[in-house]
Amino acid sequence: MSHLEELSNVLRGVLSTDNVKRNNAERMLTQALNKNPQNLLKSTLQLLRKSKEPSVRTLCAVLLRKNITRGEPMIFLQMSEDVQNLFKLELLKAIAEENTSIVRSNISDTVAELAKPLLFRQEWPQLISFLGQAMRSNVVPIRYTAYDIIGKIADESPDALNHCFENMVKALPNGLNDSSLKVQSGALVASAMIIQGLDVDSKQAKGLEFLLVPMLKVFQRIFNSRDDGLQSKAVKAFVDIATDHATFFRSSIDDLARLMSRCGQNRELEPGVRNSCLEVLVSTCSCAGTMARKSEVLMKEATLLALKLMLETSDDPDWVNRDNRDDIGQEENSMVEHGELSMDRLALGLGGKKMSKVVFPLIGQLVGSADWKMRRAGLMALSQVGEVMEYKTIPTQKVAEFLRDPHPRVRFAAANCMGQLSNDFAPMLQNQTHAIVIPELMRLVVDNRFPRVQTHAAAALFNYVENANEDIIDNYVDDLIPALLKVLQNASGPVQEQLLTTIACVSGTSPKKFLRHYETVMRLVMSVLRMPSTKKTEKLRARAMECVSYIGMGVGKERFRDHANELIEIFKRQMQCGWSSDDTTKQYMLQAWARIATIMKAEFMPYMQYVIPHVFDAASKSVDIKMGTKLDGSFVLGITSELEEKATACSMLCSFASNVKEGYYPFVEKTLEVMLPLMSYGLHEEIKAYAISIMPDLIGATKIGVLERKVSPEFLFKVFRAITEKLVNCMKAESNTDILMTIMHGFQNTISEAGPIGKKCFTQQQLAAVGFTLLKLISKSQDYIYKLEQNARCKDADEELIEEMKEKALNEEELMFMVADCIGTLIRTQGTAFLPVFEELGQSIGKMLKSSSVSLQKYGVFIIDDLIEYIGPDASRFFPAIIPSLCKFAMDMNPELQQAALYGLGVCAEKGGEGFDRYTKDAIKVIIGAIERNRKIEAGHKGMTSATDNAISAFGKFIKYRASCMDVKRGVYLWINQLPIKEDIQEAKSVYSLLCELTHKEGKLIFGENMANLPQELAEKMRGILVGIRKFPNNVLTALNSALPPAVLTEMARIIKG
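Residues numbered from 1 in each chain as written. Predicted model: local features only at pLDDT ≥ 70, side-chain atom pairs only at ≥ 80, totals over all residues. Heavy atoms only, no water.

Engineer: Hey, could you run me through the overall build of the protein in this one?
Structural biologist: Of the regular secondary structure elements, the protein holds 56 helices and 2 strands. Within the protein, buried positions represent 55% of all 1058 residues. Put simply, of all contacts in the protein between residues at least 6 apart along the chain, 72% involve residues at least 24 apart. Total accessible area on the protein is roughly 46,700 Å²; 50% of this is exposed by carbon and sulfur atoms. Computed over 127 positive and 127 negative side-chain charges, the separation of the two mean positions in the protein equals 1 Å. (Helix = DSSP H or I, 4+ residues; strand = E, 2+ residues; numbered from the N terminus. Buried < 20%, exposed > 50% of the residue type's maximum accessible area, 1.4 Å probe, protein only. Contact = heavy atoms within 4.5 Å. Areas by Shrake-Rupley, 256 points an atom, 1.4 Å probe, with all protein chains shown as cover. Lys, Arg positive; Asp, Glu negative; His and termini not counted. Charge placed at Lys NZ, Arg CZ, Asp CG, Glu CD.)

Below, the structure is given as structure tokens:
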């Protein structure tokens, strides 16, 4: 038997339905690949060309595709040049000579796979020639295959086509106008793949806009053909463009919208295809909102199609008795779900102002219909779009009326809508509607004829109560709890589960009023937990665990303590028995443990041994990444239950470390082992955030643990170094602004928690590296803000985009502030050890001060302020470089920059030592100039009054700390004449404390007896200010009373009386 016959038999075995034969064949194939992959692939190529069996040829093509580019270097490049050339030649011949479409398609997959690396290196020119000839072939399948290969290469490796881009583009119009619809389809997909692989703003992308009209025509012809396969490929091509390059549609956006809407409304098409038509429009609105908002047609057609799909709900008489969870993801509900999700995405993409004009008239028509499906769709649509609307535009009273609709599914939708609006517009909605909504929701909750509506009404009540103010819910507790308990005792399944959660919510929102019902509720809930654990009771017991732990958080440790002990014993017994793989109880129980730890604090320590091993297991468990399928048929990363469990476990570790405090020391090492790697976890941002957030608590627990046990601090140093090194690496790698803020918060708290220990853990080189990393982050943020400002000024910018850019810029400004604050924390904790580092950073900080960006100047000044404040006279060697900048910015027209500089001058006066004496005269002159200038313009300049307050405060510090360098009497007169402080409460405390001290210490010397030395006008102003202090907010008075000795306060009172 020849080697080809042997290989053919093995491949037949792989295709066998007999498990034993198939397993043996797969094992033999794997062994051959591992032993000599080159020989196997050469034999596979030969068999591909010689076998008479299509199934064997197909498997040969698949085997080649999966393995030819495998390895490093890839197997193909390990072959001799002659063999490589043979592969190139025979694969192209195989396409040309193959008569079976499925085999040809798999061969084209193999060619595309090999072409990606070879074309990029320009090592397969024969393929380019072949494709050119194939596109001009008289044979339809060959023409189609040429475009198919181009599309597959462009999809995954667009750069591979760079050197032949122009030739490929020139061939696309011919394909789009081909006599064969199948070839047109191939050219359409190839065009889409090339377009989506280009940079949005590139000349190449703009040069392809001429393809859009012929592409739309092909799309129309395909949908007229009723070929499901071609329809699916065509609409997916448009989805890909909408997702990655939506602005490509700009020139024919209205035509696109009408075409997709018309096809999406065609009930003869497959649900997945109809969903994808909507997806094209929704992705366009989401990814190119500015462009979309300029097309009234697009906004209307997208909204209309979403609503149309929401009407495709079945009239199932058993619906009211089924669990809502059982319907999610079912094929018959896919269009309804996709329509509802699309309404939410459209609202977020288009914004409330534009969306309200389009959607509210349509919703009004729907809810006014006699058809229950329309009323249901209208209410569900409102629940999806409400969050972006203004509260005054939401018809809350009308929604409440639908809670009494004759059709149960409309009542369900009304409850859903009210629950969502309760989240979106809390507490305004609750404040205005509670007298109507709470009784109406309770009427649905007690109506046991429609269990599904009952459950959803209870869930809506949960949302409503959770987001309401305590004083409102206090009025209803005595009616709600008995009624909910009565329903709970007579209901079953999902109704009972939701009622437990709702009861827990009431206890959390109104804990004082709930106390009178505490024993009754706990007796019932604990009886559920004492029930044997069976499949039937599993979900109810899980919700009872959740309920009882939330109740504990509401009523507090002292009231909950007795039940907590019994609850923990129940949990311990359950954990000893274990769980089945699909038991939901485990997750609920672990989360309940975390809540109990929050309640019990240090008293929870003895129970940590029972729960934390399970939490460590869940947090460290590797997660299988699953590719899910979207409603449009494309693949997406699935957020699996395992990933959610991992996130929950990480949040629990944070809770334990935060609440148990020093008692957490025994678990620090294991926690670091689990959580350090997760600080750069790429699959779930919450997991990353939890891992970062726990680090300061680990430092705190370790520090106390080391001190209490009187052991070597080396472990503490080790923990600190590991955490800070990882945090700095995360700073360098992270691009998400929100996560970077979490990192900054974690880093700052870690440094603060460690305190002086940090001095022993950082070398000068390491400190400098950290400093440069932080400064680079400030610079990157400023670059991003500049880009946002450019986007806001672009010709397409509308009100929504400008507002979006402003919000992002403010977010980035907050990050810059946090970074600068982190540098300040380093200076504070490192003290004089930071001075050599500052010398290294000086050039970079100098660039910030000289920058044209006010933000960079401001944060540079912040760093200087912190240096002087926390290091004091030892920082004076930098004064020649930094004092001129402070004096310059103290007169700046930007109030925030001016305020920072004035604060810095005040700090110099207080803590700059003798080295600052020679700058005193000029600094005072600048401060007085700033005050006088600001007083003239502050009425028309927002924020300038606060800057003036800081200038007055700084001047006061010169009087207090630099008296030897100035004419104090004249200075005090000038200072008093600038009072009062108008806005800045913090500076008011400082200024008025000093004023009171002066009236006591230097009062007679400067002011004379009963202020006789003061001009009459100034004396009256002085008395008026002292009287006015008593009218200041309590926090200022409290600060003064606690800061000043009784003798000063007595003197102050005497002067007031005159």
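Engineer: I'm lost on unusual backbone geometry in this one. Help?
Structural biologist: Leaving glycine out, the prevailing phi sign among residues is negative, and the prevailing peptide bond configuration is trans. For the peptide bond that leads from Glu 72 to Pro 73, omega is 0°, which places it in the cis range. Mapped onto the secondary structure, Pro 73 falls in the loop between α4 (54–67) and α5 (75–78). Of note, the amide linkage connecting Ala 426 to Pro 427 takes the cis form, showing an omega dihedral of -5°. With respect to the helices, strands and loops of the structure, Pro 427 is situated in the loop between α24 (408–424) and α25 (428–445). Phi is positive for Gln 122, which is not a glycine, with a value near 55°. Relative to the assigned elements, Gln 122 resides in the loop between α7 (101–120) and α8 (125–135). Phi angles above zero are rare outside glycine, and Lys 661 is one such case at about 60°. Along the chain, Lys 661 turns up in the loop between α36 (641–660) and α37 (668–678).

Engineer: Hey, could you run me through the pattern of salt bridges in this one?
Structural biologist: Opposite charge on two side chains allows them to pair when their charged atoms are near. Under the counting rule described, the total for this entry stands at 45 salt bridges. Across the pair Arg 375 and Asp 405 runs a salt bridge whose closest N-O atoms are separated by 2.9 Å. Of this pair, Arg 375 sits in helix α22 (residues 372–385) while Asp 405 sits in the loop between α23 (396–401) and α24, and the two are 30 residues apart along the sequence. Judged by relative accessible area, which is 10%, Arg 375 ranks as buried. What makes Asp 405 buried here is its relative accessible area of 7%. (Salt bridge = Lys/Arg side-chain N within 4 Å of Asp/Glu carboxyl O.)

Engineer: Can you help me understand the nonpolar core in this one?
Structural biologist: Note on soluble globular proteins: their nonpolar side chains tend to be buried together. Of all hydrophobic cores here, the largest spans 365 residues; its most connected members are Phe 238, Trp 593, Phe 604, Phe 656 and Tyr 664. By residue number, the principal contributor to this core is helix α44 (residues 799–830), which donates 12 residues. Those residues in contact with Phe 656 that lie beyond four places of it in its chain are Trp 593, Ala 594, Ala 597, Phe 604, Met 608, Val 611, Val 615, Lys 661 and Tyr 664. (Core = buried A, V, L, I, M, F, W, Y, C linked by side-chain atoms within 4.5 Å.)

Engineer: When you look at the packing of helix α33 (residues 557–577) against helix α34 (residues 585–600) in this model, what are you seeing that I'm missing?
Structural biologist: Between two packed helices, what matters for the description is the angle formed by their axes and the separation of those axes. Contact geometry for α33 and α34: axes closest at 11 Å, N-to-C directions at 150°. Taken together, α33 and α34 sit at an angle that is classed as roughly antiparallel. Remark: the crossing between α33 and α34 carries left-handed chirality. Here Lys 557, Phe 560, Arg 561, Ala 564, Leu 567, Ile 568, Phe 571, Lys 572, Gln 574 and Met 575 of α33 lie close against α34, whose contacting residues are Met 589, Leu 590, Ala 592, Trp 593, Ile 596, Ile 599 and Met 600. (Axes fitted to C-alpha atoms, helices over the stretch in contact; angles between N-to-C directions. Parallel < 35°, antiparallel > 145°, perpendicular 65-115°, else oblique. Left-handed = near helix turned anticlockwise from the far one by under 90°.)

Engineer: Got a minute to help me understand the packing of aromatic side chains in this structure?
Structural biologist: The description of two aromatic rings rests on the distance between their centres and on the angle between their planes. For the coordinates displayed, the defined rule picks out 21 aromatic pairs. Judged by centre distance (5.8 Å) and plane angle (15°), the ring pair of Phe 604 and Phe 656 falls under stacked. A residue pair is termed long-range when its members are at least 10 positions apart, and Phe 604 in the loop between α34 and α35 (608–620) and Phe 656 in helix α36 qualify at 52 residues. Using a relative accessible area of 0% as the deciding quantity, one classes Phe 604 as buried. Here the aromatic cluster, defined as three or more aromatic residues joined through ring pairs, consists of Phe 219, Phe 223, Phe 238, Phe 248 and Phe 249. The ring of Phe 450 has Arg 411 sitting right over it, with the charged end atom 4.8 Å from the ring centre. (Phe/Tyr/Trp six-rings, centres within 6.5 Å; stacked < 30°, edge-to-face > 60°. Lys NZ or Arg CZ within 6 Å of the ring centre and 35° of its normal.)

All quantities given are derived from atomic positions and should not be read as evidence of function.
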